Amino acid sequence: MSRQRVGVIGDDQLSAAIEAAGGVPIAMEMTSVPEERSRDVIDSVAFILASGESALAELARVGPDVPVLPVHVEKGLRSVPSARAEAAVDRILEENRPTDEYPIIAASGAIEPVRTIFDVALVASKPARISEFAVHSSSMFVSQFRADGVVASMPAGSSGYNRDAGGPVIEPGTGVASVVPVAPFAMAPDRWVLPIDSVQLSVERDETPVELLADGRSEGIVSPGESVELSCVDALETW
């Protein structure tokens, strides 16, 4: 029986599943250790079990060089339920199974670069307030509209809010993002599928503070006239 080291983040109870499958669980807490120590821990394991969307978002910010098994993730990437984690780990330890790759995106420009895997959004920071936003692709104008916000969803996150707002589900490997307005002030709003590396989102009016959300985490205020550019910088390999 294999005794490979297997990282676990997001649910300490998964350690029991790793042990039952013959692996050695290594607890990982990305938000409580410096990046250098996070890298040392990642480099010491064969693969990682990540439970929930927040765990995957934390891993994306570090950029693991080892595959990840998503557990109990409800967004667009394939995952296993917690009850099947032991069986999944056992198969991985015994077989050379194929993996998928999901792009890790850097959002930069108006803010210090931040890495994401699910989505990037500009949203009014106060409830029931709207602002005006613009979308560009490779500096070419796409659209301008009034709304609560705008969200660009990657393949890993395109079945979340993006799908509820009428955007398409994006397949891994396509290199595109789904861009949709959030609660637009229009009867028939447009939606766009654009190359990830071309997407630019901006705030056009000084009506209400607008914040940038990266995988649901607030990264600060984006001022009118400022833009946020997206680019593919890495990939998350998953089972």
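Just above sits the structure.
First, a word on what this report is: a plain description of the structure on this page. Predicted, not measured: the structure shown is a model, and the values here were computed from it. (Residues numbered from 1 in each chain as written. Predicted model: local features only at pLDDT ≥ 70, side-chain atom pairs only at ≥ 80, totals over all residues. Heavy atoms only, no water.)

Roughly 190 Å³ of volume is contained in the largest pocket. Taken together, L69, R78, S79, V80, R84, R91, R97, P98, T99, D100 and W239 make up the full set of residues lining the largest pocket. Here the second largest pocket is characterised by a volume of approximately 150 Å³. Looking at the second largest pocket, the residues that line it are K75, D119, A121, V123, V151, S153, Y161, N162, V182, L213, D215 and G216. If you list the elements that add at least two residues to the lining of the second largest pocket, you get β7 (119-124), β9 (140-153) and α5 (161-164). Examining the composition of the lining of the second largest pocket, we find that three residues originate from one element, β7, more than from any other. Residues that form the lining of the second largest pocket fall into these classes: six nonpolar, three polar and three charged. (1 Å grid on protein atoms, 1.4 Å probe; cavity = no way out; pocket = protein on both sides within 12 Å on 5 of 7 lines; lining within 4 Å. Points joined across faces, edges and corners; volume = space filled by probe spheres on them. Helix = DSSP H or I, 4+ residues; strand = E, 2+ residues; numbered from the N terminus. Nonpolar A, V, L, I, M, F, W, Y, C, P; charged D, E, K, R; others polar.)

All told, the structure shown has three aromatic pairs when counted by the stated rule. Taking the centre distance of 6.4 Å and the plane angle of 35 degrees together, the rings of F133 and F145 count as tilted. On the criterion of sequence distance, the pair formed by F133 in strand β8 (residues 131-137) and F145 in strand β9 is long-range, its members being 12 residues apart. With respect to class, F133 is no different from F145; both count as buried. A centroid spacing of 5.8 Å and a plane angle of 20 degrees characterise the contact between F145 and W192, whose relative ring orientation is stacked. Of the two residues, F145 is situated in strand β9 and W192 in strand β11 (residues 192-195); the sequence distance between them amounts to 47 residues. For W192, a relative accessible area of 12% corresponds to the buried category. Aromatic ring contacts, followed pair by pair, group F133, F145 and W192 into a single cluster. (Phe/Tyr/Trp six-rings, centres within 6.5 Å; stacked < 30°, edge-to-face > 60°. Buried < 20%, exposed > 50% of the residue type's maximum accessible area, 1.4 Å probe, protein only.)

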